[in-house]
Amino acid sequence: MNIRNFAIIAHIDHGKSTLADRIMEMTATITKRQASAQLLNSMAVEQAHGVTVKSRTVRNIYHADDGQDYEFNFIDTPGHVDFNYEVEKSLSATEGAILLVDATQGVQAQTVANYRLARKTGIVVLPVVNKVDSASAEVDKTEHQIRTAFPELKDSPILRISAKTGAGVHDVLEVIVHRLPAPTADNSLPLKALVFDSEYDAFQGVIAYVRLFDGGLSAQNSLTLMASNRSFKAKEIGILTPNRLSQKKLAAGDVGYVITGLKDPQLVRVGDTLTETGRPTETALPGYAPAQSMVFAGVYPQDDYPTLKDAITKLALNDPSLHVTAAVSDALGPGFYCGFLGIFHLQIIKERLHDEYGVDVIVTAPNVTYQVTPNNGSGAVLTVTNPQHFPDFNTIEQVEEPMMRIELTTPAELLNDVMSLANQHKGVFVDMTNQDELVVLTYTIPLSEIAYSFFNELKSLTHGYASLSTSFANYAPADVVRVDVQINYAKVDALTFITHRNDVADQAQKLVHKLKYVVPRRLYPMPVQAIVEGKAIARVDIPPLRKNAAVNGNSYSVSKKQQLLRRQNSNKREAAHSDIELPQAVFNAILTLED
Ligand SMILES: Nc1nc2c(ncn2[C@@H]2O[C@H](COP(=O)(O)OP(=O)(O)OP(=O)(O)O)[C@@H](O)[C@H]2O)c(=O)[nH]1
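The rules behind each value
- Residues numbered from 1 in each chain as written.
- Predicted model: local features only at pLDDT ≥ 70, side-chain atom pairs only at ≥ 80, totals over all residues.
- UniProt positions renumbered as here; feature names shortened; annotations may be inferred.
- Core = buried A, V, L, I, M, F, W, Y, C linked by C-beta atoms within 7 Å.
- Buried ≥ 20, exposed ≤ 12 C-beta atoms within 10 Å, placed from the backbone.
- Helix = DSSP H or I, 4+ residues; strand = E, 2+ residues; numbered from the N terminus.
- Contact = placed C-beta atoms within 7 Å.
- Pairing = 2+ DSSP bridges.
- Axes fitted to C-alpha atoms, helices over the stretch in contact; angles between N-to-C directions.
- Parallel < 35°, antiparallel > 145°, perpendicular 65-115°, else oblique.
- Nonpolar A, V, L, I, M, F, W, Y, C, P; charged D, E, K, R; others polar.
- Expected span 1.5 Å × (residues − 1).
- Bend = angle between axes of the 7 residues up to and from the residue.
- pLDDT = per-residue confidence, 0-100.

In the annotation of an unreviewed UniProt entry, the entry for the protein reads Elongation factor 4, and the organism field reads Secundilactobacillus collinoides. In its Catalytic activity (unreviewed entry) section, UniProt records this for the protein: "GTP + H2O = GDP + phosphate + H(+)". UniProt lists a comment for the protein under the heading Sequence similarities (unreviewed entry), and it reads "Belongs to the TRAFAC class translation factor GTPase superfamily. Classic translation factor GTPase family. LepA subfamily."

So, in structure tokens, the structure goes:
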């Protein structure tokens, strides 16, 4: 059988999912009517945001112009910067990638980032210009940009297509047949398959998505996951069309799924090598480096903890870039402290918990990792991801924060706006280069400055014309402080956050004023205070629900007034340590301090 395994990579919204649908339609995988609803973006969050979050695999049979049938396994990949990890996983299961560039936008940051990932994996890259049907398409210019940005592709033909109308897509299919190598897999060798993705099914247990590098896979044989050293008998194996279609065998080079029947999500790790228990392969595949969490936040149940625990464990399996550890907060009870790839990832996880598991959660303000050197002379460095664990200021020698190297690609006329945005966020200018009318600015910038709203600010400032790519640079000393928040004299642990000392006065003022309107009121006034290094630096009073007897109530007799005052005072004393309700809006107040 002629096999071609490939991925489609592109900047966000450049048309990957549309092209994927068109390919499925042209290879008779689906009918035109089914194609009217985008098939691949099937998760509710994906439809809501119009973006791909998770890679997906589909097998198609293509009847080529040379009269032969080809088995196409293609993987649709996400384009948002937060999901680079998914892209890397997908690419290692393929021999080639279609690099799709939108002719109305040209080469963008994720075009470059994804191209680099493909080069790193060593696969063949086929450049394709999309949206040539659009009135604002600049096809020649885009082609020129591709040639200048990626000199290695100088001899590669660049196809021009409209994924929307289907024009030129036939040529893409032919190029896949002729320019991509067939997998060099040997059926006679022992089984060596890469688990490149997985998901959890309540009835079937863990389902692993695999790419067979060597050897065949038969449903009858006992299988072993090499890293977790666990053997099992598959319940079912098969291919993805894109729905699961059961098969008796998979051959070397194939992409498919294995229903492991294993109920423990931890056993089936993405990146693990699957082999035959009776005839194991000698060496495992290299696997993946675990995804680096960039942003951390507490996730607490709005209802009950066991349901959240179950849901988040399964979600972490489906998305191995989500890191989860159990945590307990005084204010919110038992929950989890989680690591995310970025703030968009965090939002997607929150929505998936709601859509797919019916679990509503409270997410605390996000935070980055700090390296703290205590002043006790031990030289040991603490890694602090949770602001509640941030040591007291008088025990600290030095704090270091993560710095990112960012590339901002912007049209020249927006250069000043983009530079001042980077400056506002404490960016340190490194370099500036020109690519036609685009300018690429390089900065180093604290992760805490870009982790939250930076991407959205950049998008709205430049109407979507500038793009951002990021990579970790180093840890650098930073003058940061821990801000504790007290409501009615009781510290609310889940509200503690870390910020730069220069910004703290301003942020603390904004925060207490925001909290004034979002903390549910009581019958008595409650002070909200921001405490830094033992001192209250901002305070407001949340007004009581009812009017204060001491001020109002002149219609009462003096004794009634005194009685009311006494009651209010005793309420106050009781309340100092009682629970304060914390709706999500309270945590959002910290997120939107920049407004
Ligand atoms: N005019 C025109 N529009 C297109 C074409 N291809 C895609 N689009 C539109 O571009 C938008 C983005 O397309 P998608 O296929 O969702 O983009 P994507 O790259 O999958 O996006 P992510 O999954 O978010 O990374 C949609 O509104 C499409 O209808 C094309 O060839 N011509």
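Visitor: Help me understand the nonpolar core in this model?
Guide: Considering soluble globular proteins, one finds that nonpolar side chains tend to be buried as a cluster. Counting 149 residues, the largest nonpolar core has Ile8, Ala97, Leu99, Ala208 and Val210 as its most contacted members. Looking at this core element by element, the count peaks at seven residues for strand S8 (residues 205–214). In this view, Ala97 contacts Phe6, Ala7, Ile8, Ile9, Leu91, Ala118, Ile123 and Val125; residues no more than four positions away in its chain are not counted.

Visitor: Any chance you could explain the sheet that holds strand S10 (residues 222–225) here in plain terms?
Guide: Backbone-to-backbone hydrogen bonds join strands into a sheet, with any given pair of strands oriented parallel or antiparallel. Strands sit in the order S11-S10-S16-S7-S8-S15-S12-S13 across an open sheet of eight strands; the sheet is antiparallel. One side of each edge strand has no neighbouring strand; the edge strands of this open sheet are strand S11 (230–233) and strand S13 (244–247). Averaged over all pairs of adjacent strands, the angle between strand axes in this sheet comes to 40°, irrespective of strand direction. As paired strands, strand S7 (residues 192–201) and strand S16 (residues 273–276) are joined by two bridges and run antiparallel to one another. By the bridge assignment for S16, Leu194 is matched with Thr273. The strands touched by helix H8 (residues 305–318) within the sheet are S7 and S8, with S7 carrying the most contacts at an inclination of about 150°.

Visitor: Would you mind going over the environment of Val255 with me for this structure?
Guide: For Val255, the location among the structural elements is in strand S15 (residues 255–259). For Val255, a count of 27 C-beta atoms within 10 Å translates into the label buried. Taking the C-alpha atoms as reference points, Val255 and Ala93, 162 residues apart in sequence, are found 8.1 Å from one another. Setting aside residues no more than four positions away along its own chain, Val255 makes contact with Asn5, Thr57, Arg59, Asn73, Ala93 and Arg211.

Visitor: Looking at this structure, how should I read the packing of helix H1 (residues 16–26) against helix H7 (residues 169–179)?
Guide: Describing two packed helices takes the angle between their axes plus the distance from one axis to the other. Where H1 meets H7, the axes come as close as 10 Å, and the angle between the chain directions of the two elements is 80°. With respect to their mutual orientation, H1 and H7 come out roughly perpendicular. In this structure, H1 contributes Arg22, Ile23 and Met26 to the contact, and H7 contributes Val169, His170 and Leu173. Residues that form the contact of H1 with H7 fall into these classes: four nonpolar, one polar and one charged.

Visitor: Is there a simple way to think about helix H13 (residues 501–518) in this case?
Guide: Note that an α-helix has 3.6 residues per turn; residues three or four places apart therefore point the same way. Spanning 18 residues, H13 covers 25 Å between terminal C-alpha atoms, matching the ideal 26 Å at 1.5 Å per step. Within H13, the axis deviates most sharply at Gln507, by approximately 30°. Within the sequence span of H13, burial applies to Val504, Gln507, Ala508, Leu511, Val512, Lys514 and Leu515.

Visitor: Could you clarify how one ought to interpret the confidence of the model for the protein in this entry?
Guide: When pLDDT drops low, the exact placement of atoms in the prediction is not to be read closely. In the predicted model, the protein carries a mean pLDDT of 83, and the fraction of residues at 70 or more is 86%. Here residues 31–39 is a poorly scored stretch, pLDDT under 50, and it has twelve contacts once near neighbours within four places are set aside; other chains count.

Visitor: When you look at the sheet that holds strand S17 (residues 295–301) in this model, what are you seeing that I'm missing?
Guide: Spatially, S18-S19-S17-S20 is the arrangement adopted by the four strands of the open sheet, whose pairing is antiparallel. The open sheet is flanked by strand S18 (323–329) and strand S20 (361–363), the only strands paired with a single partner. Adjacent strand axes in the sheet meet at a mean angle of 30° when their direction is disregarded. Note that S17 and S20 share three bridges and pair antiparallel. Counted as the bridge partner of Pro301 is Val361 from S20. Against the sheet, H8 touches S17, S18, strand S19 (333–340) and S20, its axis set at about 140° to S17. Helix-sheet contacts for helix H9 (residues 343–357) involve S17, S19 and S20, and the interaxial angle to S20 is about 165°.

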